[in-house]
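The residues making up each chain are set out below.
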Amino acid sequence: MYHLYEISTRPFLHELSQKLGKKITLKDVPMDFFEELAEMGINVVWMMGIWKLGKKALAFDRSHPPHQENFKKVLPGHQTDDTIGSPYAVVKYECNPEIGTDEDILEFKGKLNALGLKLMLDFVPNHFAPDGELRDIDPACFVQKPPHAHNSPANYHEDGIAYGKDMYSGAWMDTIQLNYWNPKTRDYMKEQILRIGELSDGVRCDMAMLVLNWVIEKTWSEQLNAYGYKKPASEFWGEAIAAAKQLFPDMIFMAECYWNTEETLFSLGFDYCYDKELYDKLESGHMDNLRGYIHWRGLNYFKKAAHFIENHDEPRAPVAFHSLRRANAAAVVTMALPGLRFYNHGQFQGRSNRLAVHLRRAADEAPHPETEAFYKKLVKAISSPVFNKGNWTVPLVTGENSWKFLSFAWSYNGETCAVIVNYTDAMADARIVLPDAQSTTPGDNIPIVELLCGEKYERSLNEI
């Protein structure tokens, strides 16, 4: 199974540059940090925000009052240079020249691969920056306002091209909306995925559900029908992923997705989809809902899901879960499930200050040593063969307080690992039943090691 670590590339390089006292780019990034990740058990690094950006989106971000207000809120002492532009307002799928070249990406990928790490990059299917190259090639590849319709500045650029958006949000005014019912758009975007495949081992697809035909129809039917576009008979993702897998059979496709679109995206070829529902239920802490969700989803779903308690879109885990202790408990539950285990840069240090994607730095804070020690033990344990090759089950928990616990068990090659989490705010005790437990020593007793604290003791085989 994959253990993925997300890094916001430009802030990461800025952080290194400040630390080392010189400008650091992809070409000369020190690899000791990645060596440590590999030693912990990480095997995929997602370098988020590596592509070329434009001047228009950056100018918007630096002048739009609501953005400026938010930036000053999340980063006290914010300066203009701290705003570096959204990594999701891409102008072209080539390396941002501020941090390197495509050749540097390939060289960096080679260094990662030599450490046993795969490289994942972004694909932003829904939109481009206003000055993206495709706009100059063919403006018809973008959604246009209907003829004679009012050119509302809340929905369209001055030339009538629509801002990017989803069904429920307001416009993303630093972007322009692609028209996936135009075959030329589909062909161009397929080429971009193949280009990403040449430079990486995998791709994280931003808001992947937005280019499903039914979503496009619900969001943009008025505009597309006005120009005679018809809903295609096939889905873009099915065609694009099949083409990429033909050239790059081992290329990993991970979808950021919501609105119960996971099964559709799995059927179109995605290897993994975000499990945002698990995150939401852990955040709420309703034990019946959590247990019900885990039993309902089951192994076949979880092994294709990307599990996280933090990423660049969500608050830092100690904030979302209201304390470091609860965040760490949520991490144990999340990472002990089958599937892709997904960590965010700064999570291992217990950071609380969020890094906005438009900024090059977050507010300063000291690392939390106890959290660092916790994650070193957790990731090492979760990276072991039993949690990756073993058989996963949900064992029975008994006792008056059993409702307070979440439990999983993994068994492989004569070893059984039980994961037991009291996910409430009160002390409790219960018994876990492990019918597959086997004694490895003469007699009835089984040696037990608590992987996160090292404590060792014995229990009777009959007792468990």
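Residues numbered from 1 in each chain as written. Predicted model: local features only at pLDDT ≥ 70, side-chain atom pairs only at ≥ 80, totals over all residues. Heavy atoms only, no water.

With that settled, consider the overall build of the protein chain. A tally of regular secondary structure across the protein chain gives 16 helices and 19 strands. Expected size for 464 residues packed as a compact globule is a radius of gyration near 23 Å; at 24 Å, the protein chain falls within 12% of this value. For the protein chain, the residues scored as buried account for 53% of the 464 residues in total. The contacts in the protein chain between residues at least 6 apart in sequence include a share of 72% that link residues at least 24 apart. Surface exposure of the protein chain reaches about 20800 Å², of which carbon and sulfur atoms provide 51%. When the 49 basic and 62 acidic side-chain charges of the protein chain are each reduced to a single mean position, those positions are 1 Å apart. (Helix = DSSP H or I, 4+ residues; strand = E, 2+ residues; numbered from the N terminus. Rg over C-alpha atoms; globule rule 2.2 N^0.38 Å. Buried < 20%, exposed > 50% of the residue type's maximum accessible area, 1.4 Å probe, protein only. Contact = heavy atoms within 4.5 Å. Areas by Shrake-Rupley, 256 points an atom, 1.4 Å probe, with all protein chains shown as cover. Lys, Arg positive; Asp, Glu negative; His and termini not counted. Charge placed at Lys NZ, Arg CZ, Asp CG, Glu CD.)

This part is about the packing of helix 11 (residues 276–284) against helix 14 (residues 324–335). In the contact formed by helix 11 and helix 14, the axes pass within 11 Å of each other and the chain directions differ by 145 degrees. The chirality of how helix 11 crosses helix 14 is right-handed. Side by side, helix 11 and helix 14 meet where L278, L282, E283 and S284 of the first sit next to R326, A330, V333 and T334 of the second. Across the contact of helix 11 with helix 14, the residue classes break down as four nonpolar, two polar and two charged. (Axes fitted to C-alpha atoms, helices over the stretch in contact; angles between N-to-C directions. Left-handed = near helix turned anticlockwise from the far one by under 90°. Nonpolar A, V, L, I, M, F, W, Y, C, P; charged D, E, K, R; others polar.)

The next thing to look at is the side chain of R316. Position of R316 among the secondary structure elements: in the loop between strand 11 (305–307) and helix 13 (317–320). R316 sits in the buried class, given a relative accessible area of 6%. Within the structure, the side chain of R316 is placed 2.5 Å from the side chain of E310, a separation counted as a polar contact. Among the polar contacts made by the side chain of R316, one reaches the main-chain carbonyl oxygen of N353 at a distance of 3.4 Å. Among all residues touching R316, those that are not within four sequence positions of it are E310, N344, H345, G346, Q347, R351, S352, N353 and R354. (Polar contact = N/O pair within 3.5 Å; in protein donor to acceptor, adjacent residues only side chain to side chain.)

Counted according to the given criterion, the structure contains 26 salt bridges. Measuring nitrogen to oxygen at the nearest pair gives 3.5 Å for the salt bridge that ties E239 to R186. Of this pair, E239 sits in helix 9 (residues 236–247) while R186 sits in helix 7 (residues 183–199), and the two are 53 residues apart along the sequence. We classify E239 as partly exposed; its relative accessible area is 29%. (Salt bridge = Lys/Arg side-chain N within 4 Å of Asp/Glu carboxyl O.)

Around the barrel, which closes on itself, the eight strands sit in the order 1-2-5-8-9-10-11-12 with parallel pairing between neighbours. Taking each pair of neighbouring strands and ignoring which way they run, the sheet shows an average axis angle of 30 degrees. Bridging between strand 1 (residues 3–8) and strand 12 (residues 340–344) involves four bridges; their strand directions are parallel. Its bridge partner lying in strand 12, E6 is registered against N344. Relative to the sheet, helix 1 (residues 9–20) contacts strand 1 and strand 2 (44–48), its axis offset from that of strand 1 by approximately 70 degrees. Sitting on the sheet, helix 7 is in contact with strand 5 (118–123), strand 8 (202–205) and strand 9 (252–255), with an inclination near 160 degrees to strand 5. (Pairing = 2+ DSSP bridges.)

Read from one edge of the open sheet, three strands run 13-15-16, paired in antiparallel fashion. Of all strands in the sheet, those with a lone pairing partner are strand 13 (391–393) and strand 16 (415–422), marking the two edges. Looking at each pair of strands side by side, their axes are set apart by 15 degrees on average, direction ignored. Pairing of strand 13 with strand 15 (residues 405–412), which is carried by three bridges, proceeds in the antiparallel orientation. Looking at the pairing, N391 lines up with S411 of strand 15. Against the sheet, helix 12 (residues 287–302) contacts strand 13 and strand 15, and its axis sits at roughly 25 degrees relative to strand 15. The strands touched by helix 14 within the sheet are strand 15 and strand 16, with strand 16 carrying the most contacts at an inclination of about 140 degrees.

Before going further, it helps to spend a moment on the nonpolar core. Grouped together as the largest cluster of nonpolar side chains are 129 residues, with contacts concentrated most on F34, F123 and W237. A per-element tally of this core places helix 14 first, with seven residues. With residues near it in sequence (within four places) discarded, F123 still touches Y93, Y180, M189, Q192, I193, I196, V203, R204, C205, D206, F236 and W237. Listed in part, the seven residues of the second largest apolar core include V397, I432, A437 and I446. (Core = buried A, V, L, I, M, F, W, Y, C linked by side-chain atoms within 4.5 Å.)

Glancing now at the environment of L337. Note that L337 resides in the loop between helix 14 and strand 12. For L337, a relative accessible area of 0% puts it in the buried group.

Here the focus is the packing of aromatic side chains. Scanning all chains against the criterion turns up 34 aromatic pairs. Where W392 meets F408, the ring centres are 5.8 Å apart and the plane angle is 50 degrees; that geometry is what we call tilted. Of this pair, W392 sits in strand 13 while F408 sits in strand 15, and the two are 16 residues apart along the sequence. For the residue pair W392 and F408, the accessibility class agrees, reading buried in each case. Above the ring of F266, the side-chain terminus of K304 is found at 4.4 Å from the ring centroid. (Phe/Tyr/Trp six-rings, centres within 6.5 Å; stacked < 30°, edge-to-face > 60°. Lys NZ or Arg CZ within 6 Å of the ring centre and 35° of its normal.)

For the rest of this paragraph, the subject is the environment of D82. Within the secondary structure, D82 sits in the loop between helix 4 (65–74) and strand 4 (90–95). Looking at D82, the relative accessible area reads 1%, which means it is buried. Put simply, D82 and L290 are 208 residues apart on the chain and 40 Å apart in space, counted from C-alpha to C-alpha. Aside from chain neighbours lying at most four places away, what touches D82 is L75, G77, H358, L359, R360 and R361.

The next point concerns helix 5 (residues 102–114). In a regular helix each residue adds 1.5 Å, so 13 residues correspond to 18 Å; helix 5 covers 19 Å between its end C-alpha atoms and thus fits that length. Buried residues belonging to helix 5 abut helix 2 (32–40), strand 2, strand 3 (51–53), strand 4, strand 5 and helix 7. The positive-phi residue at the C-terminal boundary of helix 5 is G116, with phi of around 85 degrees. (Expected span 1.5 Å × (residues − 1).)

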